[in-house]
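# A look at the structure
Letter by letter, the chains look like this.
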Amino acid sequence: GKWPAYLEQIAQRHALITHGLTMSLGGPDPLDPIYLSRLRDFCARYGGAWHSDHLCFSGEGGVRLHDLLPVPFTHAAATRIAARVREASAAIEKPMLIENVSQYLRMGHAEMDEPEFLTAVATQADCGLLLDVNNVYVNAQNFGFDPYDWLAKIPLERVRQLHIAGHESWEEYEMLVDTHGATVLPEVVKMMQWVVSRIGPVPVLLERDTNIPKLDELLDEVARLQVAYDAALRDAATQETRAHG
């Protein structure tokens, strides 16, 4: 069909990194062996150094819920999800990265905060992180915490990739929603720079799923993000020089 043909053409010209939405690492169901088998074959053909999915659940009772739903921040959940991350990595024969998600409801009684939970899962699974800085910003505004305090608490040495995106305000409920349907705010760009200046070069993906502008407008935004990213790399190089000076 045409979609595999398009993917083949892209793969011939660009290195690809695979990313998933439906593994449901925090879900109640066992990991889907058919999905994992097909994903292993897909990653073998198209994938890069790792595969990533979200630290959430997205299915129950064999039904896909088509959303990235939060998990309780408990020690038991961290241990269980870490085991599932290791299981998934072994099944697809690729290292796994886990991504922090935007949340609009806290699940159950938390035994730790999100950075501590993310750290516990990543440490027990010995996996990398896909850090979505827009998700951190959205959660910070909705739940009232300092996003930089959040960033300072996670193991930045495990971050292998960044996502950045725009969000929109849901005024009726006085909350921000991670729609991937707007231009990235300067505050979120600064968060990306804060991270890059501390960890050095990593792939950064601009997510835009809705309200997609004309191509030249989208490319202009990519160019602005590239300028910000390059400036952060210069800061990283300066800090490295000072550390060894």
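For the structure, see preceding data.
So, a few notes on the structure that sits alongside this text. (Residues numbered from 1 in each chain as written. Predicted model: local features only at pLDDT ≥ 70, side-chain atom pairs only at ≥ 80, totals over all residues. Heavy atoms only, no water.)

## Things to note about the overall build of the protein
A tally of helices and strands in the protein yields eight helices and 10 strands. Relative to the globule expectation of 18 Å for 245 residues, the C-alpha radius of gyration of the protein, 18 Å, shows essentially globular dimensions. If one aligns the C-alpha atoms of the protein with their principal axes, the spans along those axes are about 50 × 50 × 45 Å. Sorting the 245 residues of the protein into buried and exposed places 44% on the buried side. Of all intrachain contacts in the protein linking residues separated by at least 6 positions in sequence, the fraction that spans at least 24 positions is 80%. Surface exposure of the protein reaches about 13,100 Å², of which carbon and sulfur atoms provide 55%. (Helix = DSSP H or I, 4+ residues; strand = E, 2+ residues; numbered from the N terminus. Rg over C-alpha atoms; globule rule 2.2 N^0.38 Å. Buried < 20%, exposed > 50% of the residue type's maximum accessible area, 1.4 Å probe, protein only. Contact = heavy atoms within 4.5 Å. Areas by Shrake-Rupley, 256 points an atom, 1.4 Å probe, with all protein chains shown as cover.)

## Some remarks on the nonpolar core
Grouped together as the largest cluster of nonpolar side chains are 56 residues, with contacts concentrated most on Ile98, Phe117, Leu131, Ile164 and Met192. Contact partners of Phe117, with chain neighbours within four places excluded, come to Leu55, Val71, Pro72, Phe73, Thr74, Ala77, Ala78, Ile81 and Met112. (Core = buried A, V, L, I, M, F, W, Y, C linked by side-chain atoms within 4.5 Å.)

## Structural notes on the sheet that holds strand β1 (residues 18-19)
On the basis of which strands lie adjacent, the open sheet formed by six strands has the order β1-β2-β5-β6-β7-β10 and parallel pairing. Looking at strand neighbours, the two that pair on one side only are β1 and β10 (204-207), the edges of this open sheet. As paired elements, β1 and strand β2 (residues 51-54) share two bridges and run parallel to each other. Within β2, the position partnered with His19 by the bridge is Ser52. The sheet contacts of helix α7 (residues 186-199) involve β6 (128-132), β7 (159-165) and β10, and relative to β7 the element is tilted by about 165 degrees. Strand contacts of helix α8 (residues 215-243): β7 and β10, with the helix running at about 150 degrees to β10, the strand carrying the most contacts. (Pairing = 2+ DSSP bridges. Axes fitted to C-alpha atoms, helices over the stretch in contact; angles between N-to-C directions.)

## Thoughts on the environment of Ala44
Looking at the secondary structure, you find Ala44 in helix α2 (residues 33-46). Residue classification places Ala44 among the exposed positions, given a relative accessible area of 67%. On a C-alpha basis, the gap between Ala44 and Lys153 in space is 34 Å, while along the polypeptide they are 109 residues apart.

## Here's the deal with the pattern of salt bridges
Where charged atoms of side chains with opposite charge meet at close range, the side chains can pair. Within this structure, the stated rule accounts for six salt bridges. Here Arg45 ties to Glu8 by a salt bridge, and the two come within 2.3 Å at their closest N and O atoms. With Arg45 in helix α2 and Glu8 in helix α1 (residues 2-13), this residue pair connects regions lying 37 residues apart in the sequence. On the basis of relative accessibility, which here comes to 24%, the residue Glu8 falls in the partly exposed class. When the shortest N-O distance is used, the salt bridge between Lys153 and Asp113 registers 2.3 Å. Of this pair, Lys153 sits in helix α6 (residues 147-153) while Asp113 sits in the loop between β5 (96-99) and α4 (114-125); the two residues are 40 residues apart in sequence, bridging distant segments of the chain. By relative accessible area, which is 41% here, Lys153 ends up partly exposed. (Salt bridge = Lys/Arg side-chain N within 4 Å of Asp/Glu carboxyl O.)

## Topic: the packing of helix α3 (residues 75-92) against α4
Packed helices, taken two at a time, are described by the angle between their axes plus the distance between the axes. Where α3 contacts α4, the two axes come as close as 8 Å, and the packing angle between them is 40 degrees. As the angle between them shows, α3 and α4 are arranged oblique. Along this stretch, α3 crosses α4, giving a crossing that reads as right-handed. Together, Ala77, Ala78, Thr79, Ile81, Ala82, Val85 and Arg86 of α3 and Phe117, Ala120, Val121, Gln124 and Ala125 of α4 make up the contact between the two elements. Grouping the amino acids of the contact of α3 with α4 by side-chain chemistry returns nine nonpolar, two polar and one charged. (Parallel < 35°, antiparallel > 145°, perpendicular 65-115°, else oblique. Left-handed = near helix turned anticlockwise from the far one by under 90°. Nonpolar A, V, L, I, M, F, W, Y, C, P; charged D, E, K, R; others polar.)

## Here we look at the packing of aromatic side chains
Aromatic ring pairs are described here by two measures, namely the spacing of the ring centres and the angle between the planes. Enumeration over the complete set of coordinates arrives at five aromatic pairs. Ring centres of Phe73 and Phe117 lie 5.1 Å apart, and the angle between their planes is 40 degrees; this geometry places the pair in the tilted category. Remark: Phe117 occurs in helix α4 and Phe73 occurs in the loop between β4 (63-69) and α3; sequence separation between them is 44 residues. The class of Phe73 is buried, set by a relative accessible area of 8%. (Phe/Tyr/Trp six-rings, centres within 6.5 Å; stacked < 30°, edge-to-face > 60°.)

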